[in-house]
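One-letter residues, chain by chain:
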Amino acid sequence: MSTLETDPAVSGSYARNIYGDVRAVLSAAVDDGLLPRNPCGAKSVRPPAVERRRVVPWLPTQVHAVRAGLPERYRTMVDTGAGCGLRQGEIVGLAEDAIDFEGSILRVVRQVKLIRGKAVFAPPKCNKERDVPLPSEVAEALRAHIDVFKPVEITLPWRRPDGPKVSARLLFTNTASGVVWRSNFNIQEWKPALALAGLIPDAGPDGKYQSAREHGMHALRHFYASVLLDAGESIKAVSQYLGHTDPALTLRVYAHLMPSSRERTRKAVDSVLRPTSNNR
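Residues numbered from 1 in each chain as written. Predicted model: local features only at pLDDT ≥ 70, side-chain atom pairs only at ≥ 80, totals over all residues. Heavy atoms only, no water.

### Let's talk about the pattern of salt bridges
Reasoning step 1: The final tally for this structure, using the stated rule, is 9 salt bridges.
Reasoning step 2: Between R160 and D162 there is a salt bridge, and its shortest N-O distance comes to 2.9 Å.
Reasoning step 3: Residues joined in a network through salt bridges with shared partners are R87, E90 and R130. (Salt bridge = Lys/Arg side-chain N within 4 Å of Asp/Glu carboxyl O.)

Right, here's the structure in full:
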């Protein structure tokens, strides 16, 4: 089949979630040797299209407010996401050996991901390791964090639950000195911080918060991209720092955040066509 057809009554995002679940189940079947390959990986299969919403990046005040709403041991995760553009799994998998304070470089070489409910170390998304400039403010935040919360050596399988065991001294761990589980963190720490920052309503009578996908930790990457683009950084550089597979993807997501070139165009043309004293 060349495309995945969906019921018109089913939203694109819901259909995409179903597709993702099916793909994950089939991937597990491949890992278990029940299938030779994942049919969803065929070039002829395309996931359901999703109408892309325009990214609305957080304001700096909102970033600071969310950071302040988190327990101290997790606050520097915000600095790392907003200041270096890391994904949540890459932040959770950030280890001591990835920080080059002298060279002002942060090396993104691993993430923590869940496979069939088990945490594993894995390469970054799309296997794209990358070096990201380490701003001095983020470096200072990391130094202060390391002084208070010492890195913890964590051993996990590599790539799959039955993979070879590897160890890394992680910078961010939970109160039991273990891996920060995304689901627990998002519910117990992140959403309360969002509510304190006024980004989502307070928890309901049942103690639960409403869904807030646009305010997940990915919002820190959007903030990072918006800051770089506003400063005039190129799409190619932003794409590289975010770990995107193609600058075209970065352009599709963030083109509306790029500063308008109209005024620059007017000035450039005026400077060339403006009469000089010699030809008046």
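### Some words on the packing of helix α2 (residues 60–69) against helix α3 (residues 72–84)
Packed helices, taken two at a time, are described by the angle between their axes plus the distance between the axes.
Reasoning step 1: With their axes 8 Å apart at the nearest point, α2 and α3 run at an angle of 155° to one another. Here α3 runs roughly antiparallel to α2, going by the angle between their axes. Our pair here, α2 against α3, has a crossing hand that is right-handed. For the pair α2 and α3, contact is made by V63, R67 and A68 and by R75, T76, V78, D79 and A82, respectively.
Reasoning step 2: Tallied by class, residues from the contact of α2 with α3 come to 4 nonpolar, 1 polar and 3 charged. (Axes fitted to C-alpha atoms, helices over the stretch in contact; angles between N-to-C directions. Helix = DSSP H or I, 4+ residues; strand = E, 2+ residues; numbered from the N terminus. Parallel < 35°, antiparallel > 145°, perpendicular 65-115°, else oblique. Left-handed = near helix turned anticlockwise from the far one by under 90°. Contact = heavy atoms within 4.5 Å. Nonpolar A, V, L, I, M, F, W, Y, C, P; charged D, E, K, R; others polar.)

### A look at the nonpolar core
Proteins that are soluble and globular tend to have nonpolar side chains buried together.
Reasoning step 1: W58 and W190 are the most contacted members of the largest nonpolar core, which totals 61 residues.
Reasoning step 2: By residue number, the principal contributor to this core is helix α7 (residues 218–230), which donates 7 residues.
Reasoning step 3: Those residues within four positions of W190 in sequence are excluded, and the remaining contacts are W58, V66, L70, V78, F185, H215, G216, M217 and L220. (Core = buried A, V, L, I, M, F, W, Y, C linked by side-chain atoms within 4.5 Å. Buried < 20%, exposed > 50% of the residue type's maximum accessible area, 1.4 Å probe, protein only.)

### Quick notes on the packing of aromatic side chains
Reasoning step 1: For the coordinates displayed, the defined rule picks out 3 aromatic pairs.
Reasoning step 2: Centre to centre, the rings of W58 and W190 are 6.2 Å apart; their planes meet at 15°, and the pair counts as stacked. You can see W58 sitting in the loop between α1 (12–31) and α2 and its partner W190 sitting in helix α6 (residues 182–196), a full 132 residues away along the chain.
Reasoning step 3: According to the relative accessible area criterion, W190 is buried, its value standing at 2%.
Reasoning step 4: For the ring pair Y74 and F185, a centre distance of 5.2 Å and an interplane angle of 75° mean the geometry is edge-to-face. Of this pair, Y74 sits in helix α3 while F185 sits in helix α6, and the two are 111 residues apart along the sequence. The same class applies to Y74 as to F185, namely buried.
Reasoning step 5: Connected via pairs of aromatic rings, a cluster forms that spans W58, Y74, F185 and W190.
Reasoning step 6: It is R143 that lies over the ring of F101; its NZ or CZ is 4.1 Å from the centre. (Phe/Tyr/Trp six-rings, centres within 6.5 Å; stacked < 30°, edge-to-face > 60°. Lys NZ or Arg CZ within 6 Å of the ring centre and 35° of its normal.)

### A word on the side chain of R130
Reasoning step 1: Along the chain, R130 turns up in strand β5 (residues 130–133).
Reasoning step 2: Separated by 2.8 Å, the side chains of R130 and E90 make a polar contact.
Reasoning step 3: A distance of 2.7 Å separates a polar atom in the side chain of R130 from the backbone oxygen of Y241. (Polar contact = N/O pair within 3.5 Å; in protein donor to acceptor, adjacent residues only side chain to side chain.)

### Some points on the confidence of the model for the protein
Reasoning step 1: When the pLDDT values of the protein are averaged, the result is 86; 88% of them are 70 or greater.
Reasoning step 2: Low confidence marks residues 1–11, where pLDDT is under 50. Its contacts with residues over four positions away, or in another chain, come to 14 contacts. (pLDDT = per-residue confidence, 0-100.)

### Details of the sheet that holds β5
Reasoning step 1: Spatial strand order, β1-β2-β5: 3 strands in an open sheet with antiparallel pairing. Strands with a single pairing partner mark the edges of an open sheet, and in this sheet they are β1 (99–100) and β5.
Reasoning step 2: In this structure, β1 lies alongside strand β2 (residues 105–108), joined through 2 bridges in antiparallel fashion. Across the sheet, D100 pairs through a bridge with I105, a residue of β2. (Pairing = 2+ DSSP bridges.)

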